[in-house]
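# Coordinate inspection notes
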Amino acid sequence: MTKEKMHVKDDILEVTITDIGSDGEGIGKIEGYTLFIKDAVIGDTVRAKIMKAKKNYAYAHLEEVIKPSEYRVEPSCPIARQCGGCQTQSMSYERELLFKQNKVRNNIVRLGGFEEGFVDSVMEPIIGMEEPWRYRNKAQFPIGKDKNGRIIAGFYAGRTHSIIPVSDCLIGTVENKEILEIITGHMEKNNVQPYDEKSGKGLVRHVLIRKGFKSGQIMVCLVINYRGSKKDGAEFISGQKALCEALSKVTGMTSISVSINTENTNVIMGYEIHTIWGEPTIRDTLCGLEFEISPLSFFQVNPVQCEKLYGQAIEYAGLTGKETVWDLYCGIGTITLSMAKAAGHVYGVEIIDAAIEDAKKNAVRNGLSNADFFCGKAEEVLPDFYEKQMKENKEAASLHPDVIVVDPPRKGCDEKCLETMLKMGPDRIVYVSCDSATLARDLRILVDGGYEIKKVRPCDMFGHTVHVETVVLLTKASGSEG
Ligand code: SAH
């Protein structure tokens, strides 16, 4: 028997990549010793240098691709490896979709404890993008200086705060480049300094750009470290009028604002917003509804795929016009209001006050009067509502919603929330998830509580990254009556 060989830092090894890790890294094995290699593609044979060695595994740096995989492609973006925003640009898009499908499947099997054969029987094929580039309607670019003192806009290099200049990110809109060039050009000409984190000096911190894909309207918001008079009409940036005039020539420009952030923080946006040109908001349509979007509003960043994902959720909800629906973690009410059009009554629950205010306005704007919104934690609002109803009304039927939809953040649903859902016993549960690991954990709880998984459908909202969304339909198991 050969004894497992331990490797050490700086060892250079040749290995064939046989698997993909959850962060998109290549995984290869040498006599039971596992190597995790960023930017190596499944099927590649590579030479890699060990950076950090443990007893049974190591993280290694890709030194050279000796034999490229059939799935390897040249990254479209010249700085894909440095930037770190995209993790899978070296892999063909078809292979990336398969990776995402398998990631969801394997998490449900391994972390949810479901049988492979069963999971395969409920999995539907991933909804991929027709055009996996230029899909993001929002970008936030930090502004800084390069080594030569030139003003640059770009992205932070993976896990650092040093800016890599990129004005034309390929997953963002084509207008970003023109807008950033106008801003950095203006700063050079008017001696407007970028903010410096270390000294707390300088003015311009970030530029937020948003575009309504359907409306064509564009919003620019400059996040500034401004300490002067904070009045509308103030000159926040030297030469402000000329800057606005130049930006207003960009096709679609609708709103230019500044957001004041003087804190020493990683939070990008400041709360105080002043419109310096045009409208305070832009509008866009999503799922046939009109939304008004301010610089601080949450809005889905990939509207094309979002419509497909929510369309799938609506289909799973099986609405006929009479149903009572709860939409937990509802944000600005996108899913809630899409469902309101096809259901009897809908309730939305969301923790952020401003999002609930937007949701209510969105209901009015779209002429929907059968939606009620509650601000609070889903794990508190739902049990409170349920217990109050129990006290007031002993009729079980009125307590029982037809459908509960959940769309929680990455950490998944709180257990108390899941417990209450089980008590309320809806006919159908539609789980929209952005993290298949916590999804798998929550599915186990729902299935142990008397539900059956009927369908699982991944959807790619973030092409060239490792993130994948999933929508799951569960129904009450036959013989389980709440
Ligand atoms: N469905 C929404 C987006 C959901 S994102 C849309 O289409 O726009 C997840 C949302 O859950 C966020 O808006 C977040 O603010 C909210 N949230 C996070 N924790 C929560 C909790 N404990 N209870 C209710 N909402 C919560």
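Look up: the structure comes first, before these words.
Below is a summary of the structure that appears in this document. Not measured: the values here are computed from a predicted model.

The rules behind each value
Residues numbered from 1 in each chain as written. Predicted model: local features only at pLDDT ≥ 70, side-chain atom pairs only at ≥ 80, totals over all residues. Heavy atoms only, no water. Helix = DSSP H or I, 4+ residues; strand = E, 2+ residues; numbered from the N terminus. Contact = heavy atoms within 4.5 Å. Axes fitted to C-alpha atoms, helices over the stretch in contact; angles between N-to-C directions. Left-handed = near helix turned anticlockwise from the far one by under 90°. Nonpolar A, V, L, I, M, F, W, Y, C, P; charged D, E, K, R; others polar. Buried < 20%, exposed > 50% of the residue type's maximum accessible area, 1.4 Å probe, protein only. Near = heavy atom within 4 Å. Polar contact = N/O pair within 3.5 Å; in protein donor to acceptor, adjacent residues only side chain to side chain. Areas by Shrake-Rupley, 256 points an atom, 1.4 Å probe, with all protein chains shown as cover. Expected span 1.5 Å × (residues − 1). Arc of directions from axis to C-beta. Salt bridge = Lys/Arg side-chain N within 4 Å of Asp/Glu carboxyl O. Pairing = 2+ DSSP bridges. Right-handed = clockwise from strand over helix to strand, strands pointing away. Patch = residues over 30% accessible without salt bridge, like charges linked within 9 Å, V, L, I, M, F, W, Y side chains within 5 Å. Lys, Arg positive; Asp, Glu negative; His and termini not counted. Charge placed at Lys NZ, Arg CZ, Asp CG, Glu CD.

## Quick look at the environment of Val 456
- Following the sequence through the fold, Val 456 ends up in strand 20 (residues 451-459).
- Residues Val 456 and Lys 423 lie 33 residues apart in sequence; the distance between their C-alpha atoms is 23 Å.
- Filtering out sequence-adjacent residues up to four positions away, Val 456 remains in contact with Val 104, Ile 108, Val 122, Met 123, Glu 124, Tyr 316, Thr 470, Val 471 and Val 472.

## Quick look at the packing of helix 11 (residues 415-424) against helix 12 (residues 436-448)
- Contact pair helix 11 / helix 12: the axes reach a minimum separation of 10 Å and the direction vectors enclose 30 degrees. Crossing geometry of helix 11 relative to helix 12 is assigned as right-handed. Contact residues: Glu 415, Leu 418, Met 421 and Leu 422 in helix 11; Asp 442, Ile 445 and Leu 446 in helix 12.
- Grouping the constituent residues of the contact of helix 11 with helix 12 by class yields five nonpolar, no polar and two charged.

## Some points on unusual backbone geometry
- Look at Cys 287: it is not a glycine, yet its phi comes out positive at around 50 degrees.
- Position of Cys 287 relative to the elements: it lies in the loop between strand 13 (282-286) and strand 14 (289-293).
- Relative accessible area serves as the criterion here: at 16%, Cys 287 is assigned to the buried category.
- Even without a glycine there, the phi angle at Tyr 329 is positive, about 65 degrees.
- Along the chain, the position of Tyr 329 falls in the loop between strand 15 (324-328) and helix 7 (334-340).

## Topic: the site of the ligand
- Around the ligand there are 17 residues in total, and Tyr 310, Glu 350, Ala 378, Glu 379 and Asp 407 lie nearest to it.
- Glu 379 places a polar side-chain atom, nitrogen or oxygen, 3.1 Å from a nitrogen atom of the ligand.
- In this structure, a nitrogen atom belonging to the ligand sits 2.8 Å away from a side-chain N or O atom of Asp 407.
- Here the ligand loses 86% of its free accessible area of 580 Å² to cover by the protein chains.
- Breaking the shell around the ligand down by element, the ones donating at least two residues are helix 7 and helix 9 (378-392).
- Its residues assigned to classes, the shell around the ligand comprises nine nonpolar, four polar and four charged.

## Section: helix 4 (residues 175-190)
- Relative to the 22 Å expected for 16 residues at 1.5 Å per residue, helix 4 spans 23 Å between its end C-alpha atoms, a close match to the ideal helical length.
- By the burial criterion, the buried members of helix 4 are Glu 175, Asn 176, Ile 179, Leu 180, Ile 183, Thr 184, His 186 and Met 187. Summarising the axial view, the buried residues of helix 4 lie within an arc of 155 degrees, below the 170-degree limit, and thus occupy one face.
- Phi turns positive one or two residues past the end of helix 4, at Asn 191, with a value near 55 degrees.

## What about the pattern of salt bridges?
- Considering all chains together, one arrives at 23 salt bridges under this definition.
- In this structure, Asp 39 engages Lys 38 in a salt bridge whose closest nitrogen and oxygen atoms are separated by 3.5 Å.
- Asp 39 sits in the buried class, given a relative accessible area of 15%.
- The residue Arg 365 makes a salt bridge to Glu 292 at a minimum N-O spacing of 2.4 Å. Of this pair, Arg 365 sits in helix 8 (residues 353-365) while Glu 292 is found in strand 14, placing the two residues 73 residues apart along the sequence.
- Residue Glu 292 is classed as partly exposed on the basis of its relative accessible area of 27%.

## Some thoughts on the environment of Cys 169
- Locating Cys 169 in the fold gives a position in the loop between strand 8 (163-165) and helix 4.
- Along the primary structure Cys 169 and Ser 478 are separated by 309 residues, whereas in three dimensions their C-alpha atoms are 50 Å apart.
- In this view, Cys 169 contacts Arg 134 and Phe 155; residues no more than four positions away in its chain are not counted.

## Looking at the sheet that holds strand 5 (residues 57-67)
- The strand order around the closed barrel formed by five strands is 1-2-3-5-4, and the pairing between neighbours is mixed. Sheet twist, expressed as the average angle between the axes of neighbouring strands with direction ignored, equals 50 degrees.
- For strand 2 (residues 26-30) and strand 3 (residues 33-37), the ladder comprises five bridges, and the chain directions are antiparallel. Residue pairing for strand 3: Ile 30 is matched across the bridge by Tyr 33.

## Side note on the sheet that holds strand 15
- Strand order in the open sheet made by the seven strands is 17-16-15-18-19-21-20, with mixed pairing throughout. Each edge of the open sheet carries a strand with a single partner, namely strand 17 (371-375) and strand 20. Looking at each pair of strands side by side, their axes are set apart by 15 degrees on average, direction ignored.
- Across the sheet, helix 12 is in contact with strand 19 (428-433), strand 20 and strand 21 (469-476); its angle to strand 19 comes to roughly 165 degrees.

## Quick word on the pairing of strand 15
- Most of strand 15 is tucked away: four of the five residues are buried.
- Strand direction decides the pairing type here: strand 15 and strand 16 (residues 345-350), joined by five bridges, are parallel. Within the sheet, the bridge partner assigned to Asp 327 lies in strand 16 and is Gly 348.
- Each parallel crossover has a hand, and for strand 15 linked through helix 7 to strand 16 it is right-handed.
- Bridge count for strand 15 against strand 18 (residues 403-406) is four bridges, and the pairing is parallel. From the neighbouring strand, Trp 326 faces strand 18, where its bridge partner is Ile 404.

## As for a negative patch on the surface
- Taken together, the side chains of Glu 380, Asp 384, Glu 387, Asp 414, Glu 415 and Glu 419 present a region of like negative charge at the surface.
- Of all the secondary-structure elements, those providing two or more residues to the negative patch are helix 9 and helix 11.
- With three residues, the top contributor of residues to the negative patch is helix 9.
- Take Glu 415: it is sitting in helix 11.
- Taking relative accessible area as the criterion, Glu 415 reaches 52% and is therefore assigned exposed.

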